[in-house]
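Per-entry structural report
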Amino acid sequence: MVNDAAVAAHTAFPDRFFAGVTLPIQDPALALAELNRVAGKPGICAIHLPTSNEGKDFLFQPDFAPIFARAEQLGYPLIFHPIGAVAGDERLEGPAFLNNTVGFPFEHTITAARLIVSGTLDTYPRLQVLLPHAGGAFPYLAGRIEYGLIKKNIKLQHPFQDYVRRFHYDTITYSAETLRYLVRRVGSDEW
């Protein structure tokens, strides 16, 4: 229903509305079937995925690999966004909204790091990934992550900075200084 409504919205407002495919990630086979069903329909230009499913990693299970392969083949970027529980959620609950302001950005950080260390970005070299919330804490912790990989003698196929620049980032930082750092770290290429 969501994907069909997105196509209808684009048809009604072709200059204003585009969408990422929503997938039933609890069942990777159904997710792939839905991706194939809506691929190429008007207004569909990306794949929207949660960073985790009920606080559990699902992206790096072997049965999810065909979705990465199909996204790469279609040229659809993956757009990640936390939905529901996030890492450390029980510590972030309360009226300060920390599960959103702290938890969501760290979900992007975990996802980016896992896409690198799992070899996913090497397996799918043309796969495009957008990290909302300016990449969460990932661009700011990239040096620490790289240092940890070096100390543990974990070899990557490419220099770590190549992976950092491989992601696309939005500009939602709520801080001019943070945005300036992000642009210095990853550049300002147009997508």
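Presented here is an overview of the structure given in this document. Just so we're clear, the structure is a prediction, and the values are computed from it rather than from any experiment.

A word on the nonpolar core. Judged by nonpolar contacts, the single largest core of 41 residues is most densely connected at L23, L49, L78, V129, F138 and F167. If we skip the residues at most four places from it in the chain, L23 touches A31, E34, L35, I47, L49 and I67.

A few words now on the packing of aromatic side chains. Under the counting rule described, the total for this entry stands at 6 aromatic pairs. Between F64 and F68, the ring centres sit 5.3 Å apart and the planes meet at 80°, which makes this aromatic pair edge-to-face. This pair shows no difference in class: F64 is buried, exactly as F68 is. Judged by centre distance (6.5 Å) and plane angle (50°), the rings of F138 and F160 are tilted. You can see F138 sitting in helix 7 (residues 138-151) and its partner F160 sitting in helix 8 (residues 160-166), a full 22 residues away along the chain. With respect to class, F138 is no different from F160; both count as buried.

Time to look at helix 5 (residues 98-117). With 20 residues, helix 5 should cover 28 Å at 1.5 Å per step; its first-to-last C-alpha distance of 27 Å lies within 8% of that length. Taken together, the buried positions of helix 5 are occupied by G103, F104, P105, E107, H108, T109, T111, A112, A113, L115 and I116.

A few words now on the sheet that holds strand 3 (residues 78-81). Read across the open sheet, the 5 strands follow the order 1-2-3-4-5; overall the sheet is parallel. Where the open sheet ends on each side, the last strands, each with one partner, are strand 1 (19-22) and strand 5 (168-169). In this sheet, strand 5 lies alongside strand 4 (residues 129-131) in parallel orientation, the contact comprising 2 bridges. Of the residues in strand 5, the one forming a bridge with L131 is Y169.

This paragraph deals with the packing of helix 7 against helix 9 (residues 176-186). Viewed as axis vectors pointing N to C, helix 7 and helix 9 meet at an angle of 50°, and their least axial separation amounts to 10 Å. In terms of their interaxial angle, helix 7 and helix 9 are classed as oblique. Contacts from P139, Y140, A142 and G143 of helix 7 reach helix 9 at T178, Y181, L182 and R185.

What follows concerns the packing of helix 5 against helix 7. Relative orientation of the contacting elements helix 5 and helix 7 amounts to 40°, with a least axis distance of 11 Å. Relative to helix 7, helix 5 is oriented oblique. Between helix 5 and helix 7 lies a crossing of right-handed hand. In this structure, helix 5 contributes F106, T109, A112, A113, I116 and V117 to the contact, and helix 7 contributes F138, L141, I145 and L149. Looking at the contact of helix 5 with helix 7, its residues break down into 9 nonpolar, 1 polar and no charged.

Right, let's talk about the environment of I116 for a bit. Examined against the element boundaries, I116 turns out to sit in helix 5. On the accessibility criterion, I116 (2% relative accessible area) is buried. Taking the C-alpha atoms as reference points, I116 and T51, separated by 65 residues in sequence, lie 14 Å from one another. Not counting the four nearest positions on each side in its chain, I116 is found in contact with L121, F138, L156, F160, Y163 and F167.

Looking now at helix 7. Under the 1.5 Å per step criterion, the end-to-end length of helix 7 is 19 Å for 14 residues, consistent within 8% with the ideal 20 Å. Along helix 7, the positions that sit buried rather than exposed are F138, P139, A142 and L149. Looking at the buried side of helix 7, the elements it contacts are helix 5, strand 4, helix 8, strand 5 and helix 9. Positive phi shows up at N153, right after helix 7, with a value of about 55°.

Conventions used here
- Residues numbered from 1 in each chain as written.
- Predicted model: local features only at pLDDT ≥ 70, side-chain atom pairs only at ≥ 80, totals over all residues.
- Heavy atoms only, no water.
- Core = buried A, V, L, I, M, F, W, Y, C linked by side-chain atoms within 4.5 Å.
- Buried < 20%, exposed > 50% of the residue type's maximum accessible area, 1.4 Å probe, protein only.
- Contact = heavy atoms within 4.5 Å.
- Phe/Tyr/Trp six-rings, centres within 6.5 Å; stacked < 30°, edge-to-face > 60°.
- Helix = DSSP H or I, 4+ residues; strand = E, 2+ residues; numbered from the N terminus.
- Expected span 1.5 Å × (residues − 1).
- Pairing = 2+ DSSP bridges.
- Axes fitted to C-alpha atoms, helices over the stretch in contact; angles between N-to-C directions.
- Parallel < 35°, antiparallel > 145°, perpendicular 65-115°, else oblique.
- Left-handed = near helix turned anticlockwise from the far one by under 90°.
- Nonpolar A, V, L, I, M, F, W, Y, C, P; charged D, E, K, R; others polar.

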